[in-house]
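# Geometric and topological summary
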Amino acid sequence: VGEFNEWKLKGTGITFKEFKEKGYLVVPPKYKKYEKKGFKTPTGKVELYSTIFEKYGYDPLPDFAEPPESPLSTPELMKEYPLILIAGRYIEYFHSEGRQIPLLRQRVPDPEVEIHPDAARKANIKEGDWVWVETPRNKGEKIKVKASLSSSIDPRVVNVPHGWWFPEMPAPEHGCFDSNINVTLSFDPPLDPICGSVPTRGTLCKVYAL
């Protein structure tokens with residue numbers, strides 16, 4: 001381990017012992033590196049037309065595909081799931097990290113669903129109400145979150161930040177299945193043909209009072 005740590009710091013001019021005493025290193029930023037080395041693409045240029053995609057038989061130009069569940073893809077689902085879900089995150093937290101930090105938890109104490117006042121009114125939801133959220137991606141599953149009314153979000157859309165858990169609840173789960181929007185989503189196909197990702201950041205949903 002000692003040899004590895006010294007190897008990692010090779011070229012910095014300090015030993016691992018000195019690094020531990022200092023705590024961190026600041027590397028001066030280098031701007032416009034592309035002027036000397038170009039970009040890390042086969043052509044050395046910014047590629048809006050991807051020569052790598054073309055090489056492996058994929059469309060080299062950016063394209064858009066409608067999500068599997070949406071007002072356009074599945075209008076019939078809108079009767080049961082009338083809202084568009086996006087799963088973002090809080091500025092205070094990094095994915096699931098930080099709920100155990102008191103200062104951050106004071107800023108965002110509860111899992112929330114950001115919803116427009118007009119959409120909340122239709123569902124008879126008021127600010128601070130605890131509500132259920134369900135999606136067609138994982139039927140039978142639902143999570144409990146707190147309504148946060150915001151006129152800055154589109155009336156057709158709700159935002160439920162992901163990765164919520166409760167450090168004050170019993171281990172080992174710490175309530176991670178109670179209010180984490182991932183519970184209502186799925187890693188089932190369709191998969192992106194290039195990177196294999198699944199649509200976990202956009203689907204339809206319904207929000208209703210407990």
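You'll find the structure just up there.
This text gives an overview of the structure that appears in the document. (Residues numbered from 1 in each chain as written. Predicted model: local features only at pLDDT ≥ 70, side-chain atom pairs only at ≥ 80, totals over all residues. Heavy atoms only, no water.)

### Section: the overall build of the chain
On a plain count of helices and strands, the chain comes out with six helices and six strands. The order of helices and strands in the chain, counted from the N terminus, is α-α-α-α-β-α-β-α-β-β-β-β. Taken along its principal axes, the extent of the C-alpha atoms in the chain is 65 × 50 × 30 Å. Here the chain holds 210 residues, and 31% of them are scored as buried. Sequence separation of at least 24 residues holds for 63% of the intrachain contacts in the chain that already meet a minimum separation of 6. As presented, the chain carries roughly 14,500 Å² of accessible surface, and 58% of it is formed by carbon and sulfur atoms. The positive charge centre, built from 29 side chains, and the negative charge centre, built from 29, are 6 Å apart in the chain. (Helix = DSSP H or I, 4+ residues; strand = E, 2+ residues; numbered from the N terminus. Buried < 20%, exposed > 50% of the residue type's maximum accessible area, 1.4 Å probe, protein only. Contact = heavy atoms within 4.5 Å. Areas by Shrake-Rupley, 256 points an atom, 1.4 Å probe, with all protein chains shown as cover. Lys, Arg positive; Asp, Glu negative; His and termini not counted. Charge placed at Lys NZ, Arg CZ, Asp CG, Glu CD.)

### Looking at the layout of surface pockets
Here the largest pocket defines a volume of roughly 580 Å³. As for the largest pocket, its lining consists of 21 residues, of which Asp63, Phe64, Ala65, Asp192 and Pro193 are closest to the centre. Considered class by class, the residues forming the lining of the largest pocket number 16 nonpolar, one polar and four charged. (1 Å grid on protein atoms, 1.4 Å probe; cavity = no way out; pocket = protein on both sides within 12 Å on 5 of 7 lines; lining within 4 Å. Points joined across faces, edges and corners; volume = space filled by probe spheres on them. Nonpolar A, V, L, I, M, F, W, Y, C, P; charged D, E, K, R; others polar.)

### Notes on the nonpolar core
A general feature of soluble globular proteins is that nonpolar side chains tend to end up buried together. Residues Val158 and Val207 are the most contacted members of the largest nonpolar core, which totals 20 residues. Secondary structure elements with two or more residues in this core: strand S1 (83-86), strand S2 (112-115), helix H6 (117-122), strand S3 (130-134), strand S4 (143-149) and strand S6 (202-209). Per-element accounting of this core gives the leading share, three residues, to S4. Apart from the residues within four sequence positions on either side, Val158 is in contact with Leu83, Ile84, Leu85, Ile86, Val113, Glu114, Ile115, Ile153, Cys205 and Val207. With five residues, the next largest nonpolar core counts Tyr90, Tyr93, Val108 and Trp164 among its residues. (Core = buried A, V, L, I, M, F, W, Y, C linked by side-chain atoms within 4.5 Å.)

### Things to note about the side chain of Arg137
For Arg137, the location among the structural elements is in the loop between S3 and S4. Exposure remark for Arg137: the relative accessible area of 12% places this residue in the buried category. Only 3.3 Å separates the side chain of Arg137 from the backbone oxygen of Asp188, close enough to count as a polar contact. Other than its neighbours up to four places away in sequence, Arg137 contacts Glu69, Thr184, Leu185, Ser186, Asp188, Pro189, Pro190, Pro199 and Thr203. (Polar contact = N/O pair within 3.5 Å; in protein donor to acceptor, adjacent residues only side chain to side chain.)

### Considering the pairing of S1
Alternating positions in S1 separate cleanly, Leu83 and Leu85 being buried on one face and Ile84 and Ile86 remaining unburied on the opposite face. With four bridges joining them, S1 and S6 adopt antiparallel strand pairing. By the bridge assignment, Leu83 is partnered in S6 with Cys205. Relative to strand S5 (residues 157-159), S1 is paired through three bridges, and the arrangement is parallel. Counted as the bridge partner of Leu85 is Val158 from S5. (Pairing = 2+ DSSP bridges.)

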